[in-house]
Every structure is written in C-alpha cells, then in structure tokens.
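# Examination of the molecular architecture
Each chain, written out:
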Amino acid sequence: MTGLVLTACGIVAVCDHTPLPAHAPTVGIGDLPAYSPPPRPVAGAVAPPAAAVRVAPPTRLRIPCIGVDSALTELQIQEDGHLGTPQDPEVAGWWSRGPAPGGDGTAVIVGHVDSRTGPAVFTGLQALRPGDRIEVNSADGSTISFTVEALRSYGKDQFPDDEVFGDTAGPSLRLITCGGSYDRRLHTYPANLVVFATPTLPGAAQQQPFA
C-alpha cells in the first residue's frame, strides 16, 4: 500500500496515493497510546438507536502551539480513487465527502509539508505532542477543540487504511502530511505522518447540531 498523494512536497517531490475508502469499515484507533475506547455495552442490553448529528462544514484550522492558522479548502476523491490535495501549499484541505470535524466518524484534513518555494502549512506538524490542542472553526460560527492523542509515521508501502481512515465510535480527526527524510534521488518522501486527535471534553458536548 502506498502513501497519500501530497504533490509539491519538496522541490519536485510527489508522495504516492493512498486509496481513501468511500465506505470505511468501523474500526477503532487500536493500540495508540493515551486513547480510551468507549465502554462496551452490557451483554444483552439493547441500546436505543443514536440520532446522527450533523455539524457545519469546517472553514478554518488552527493549531496554536505550532502557529498554524489556515483556511480549509474542500477535497474530493479523484477518478483513480485517491484523495486530492490542496493546490495552495499554504492552505490545508478537508475530505468534504467524509464527516465534518465534530460529526460522528473520522474527519480527514491533509496539507503539504513543503513546496518548491519553502515551508508549507504542515511543516511543523511533527512537533505536535499528545495533549496539544487543535481548533476547527465551522461555518455556523462555532469552534470545535480537539486534543492530540498520538502521532504515527507510516511507510508508503505499509499505510494502514483502516486504522487511519476507518470510522470511529464517536468524532475523531486525522491530520496527514508527508513524513520521513526527503529522498533527493527519487524526489519524494518515504512516509506519511498522521496525527490522531479526538474532541476535547466538554467541547464535543457543547458543539451544536447543524440544521
């Protein structure tokens, strides 16, 4: 399996594609540190069906500790089945056919690590640590706060689609960029860096449904 496409990573670098499943299986974050899965239901208990909560589409991403303050452009899955990337290296993009940040499931935001002219929007992403805050502004004027749970680097041939893109029991967020040392011979990065984050409580409970 190959890594998510991030064009303009480096002078002429292009990271290869990772397919983004249109209907990802329901999986958890797995063995990532500092992640507490929701409690399992009691055997035999019948839980009432949960109503889907719609939230407004995101408009801006802020990561205060690394100085990220970016508008968000919409990204679509391309004809080849892979997620596109932002045309502007200074702007992050979100998978607009997937969950919006704060809604049930896995929201995906990607950005370039660098460009032909220098650092890009996610240049400092590798400096994040568990506990750091990520803020997403939404079209309805609300702000959703996420807390970094873990960072993972995956080789392009070992990218775990289900773990990264699979649905979670509640809202979650993934930030993705190129990772590893730039290969000047191949003009590419060997890996992808993925930041796993979950809503900061009680912020998730304060998020208002989007009518």
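## Section: the pattern of salt bridges
- Under the criterion given, the structure shown has three salt bridges.
- As a salt-bridge pair, Asp69 and Arg60 come within 2.6 Å of each other at their nearest N and O atoms.
- Exposure remark for Asp69: the relative accessible area of 44% places this residue in the partly exposed category.
- Through salt bridges with shared partners, a single network forms among Arg60, Arg62 and Asp69.

## Concerning the sheet that holds strand E12 (residues 191–199)
- Pairing within the closed barrel is mixed, and its eight strands lie in the order E3-E4-E5-E6-E11-E12-E10-E9. Sheet twist, expressed as the mean angle between neighbouring strand axes with direction ignored, is 35°.
- One ladder, built from four bridges, connects strand E4 (residues 68–75) with strand E5 (residues 92–95); its direction is parallel. What sits directly across from Leu72, in E5, is Ala92.

## Regarding the environment of Val136
- With respect to the helices and strands, the residue Val136 is situated in strand E9 (residues 133–138).
- The exposure class assigned to Val136 is buried, which follows from its relative accessible area of 0%.
- Ignoring any residue separated from it by four or fewer positions in sequence, one finds Val136 in contact with Pro58, Arg60, Leu61, Leu72, Pro101, Ser142, Thr143, Ile144 and Phe146.

## A word on the pairing of E4
- Bridge count for strand E3 (residues 58–63) against E4 is four bridges, and the pairing is antiparallel. Bridge assignment links Ile63 to a residue of E4, and that residue is Val68.

## Let's talk about the confidence of the model for the protein chain
- Residues at a pLDDT of 70 or more form 69% of the protein chain, whose mean pLDDT is 75.
- Long-range and interchain partners of residues 203–211, a stretch whose pLDDT sits below 50, account for 16 contacts in this model, where long-range means more than four residues apart.

## Quick look at the packing of aromatic side chains
- Taken as a whole and judged by the stated rule, the model has two aromatic pairs.
- Residues Tyr154 and Phe159 carry aromatic rings whose centres are separated by 5.7 Å and whose planes lie at 75° to one another, so their mutual orientation is edge-to-face. The exposure classification of Tyr154 matches that of Phe159, with both residues buried.
- Ring geometry for Phe159 against Phe165: centres 5.8 Å apart, planes inclined by 40°, an arrangement best described as tilted.
- Residue Phe159 is classed as buried on the basis of its relative accessible area, which comes to 4%.
- Phe165 sits in the buried class, given a relative accessible area of 2%.

## Digging into the pairing of strand E11 (residues 171–179)
- Of all the nine residues making up E11, eight are buried; the element is thus mostly covered by neighbouring parts of the structure.
- Pairing between strand E6 (residues 105–110) and E11: six bridges, direction parallel. Within E11, the position partnered with Gly105 by the bridge is Pro171.

## Focus on the side chain of Ser115
- Its place among the elements puts Ser115 in strand E7 (residues 114–115).
- The class for Ser115 is buried, based on a relative accessible area of 8%.
- One polar contact links Ser115 to Thr117, side chain to side chain, over a distance of 3.1 Å.

## Considerations on the nonpolar core
- In terms of nonpolar packing, the biggest core is built from 25 residues, with Leu61, Ile109, Ile134 and Leu175 touching the most fellow members.
- Secondary structure elements with two or more residues in this core: E3, E4, E5, E6, E9, strand E10 (143–155), E11 and E12.
- It is E10 that contributes the most residues to this core, four residues altogether.
- Once residues within four sequence positions are removed from consideration, Ile134 is found in contact with Leu61, Arg62, Ile63, Ile144, Ser145, Phe146, Val148, Leu173, Leu175, Val195 and Ala197.

Criteria and thresholds
Residues numbered from 1 in each chain as written. Predicted model: local features only at pLDDT ≥ 70, side-chain atom pairs only at ≥ 80, totals over all residues. Heavy atoms only, no water. Salt bridge = Lys/Arg side-chain N within 4 Å of Asp/Glu carboxyl O. Buried < 20%, exposed > 50% of the residue type's maximum accessible area, 1.4 Å probe, protein only. Pairing = 2+ DSSP bridges. Helix = DSSP H or I, 4+ residues; strand = E, 2+ residues; numbered from the N terminus. Axes fitted to C-alpha atoms, helices over the stretch in contact; angles between N-to-C directions. Contact = heavy atoms within 4.5 Å. pLDDT = per-residue confidence, 0-100. Phe/Tyr/Trp six-rings, centres within 6.5 Å; stacked < 30°, edge-to-face > 60°. Polar contact = N/O pair within 3.5 Å; in protein donor to acceptor, adjacent residues only side chain to side chain. Core = buried A, V, L, I, M, F, W, Y, C linked by side-chain atoms within 4.5 Å.

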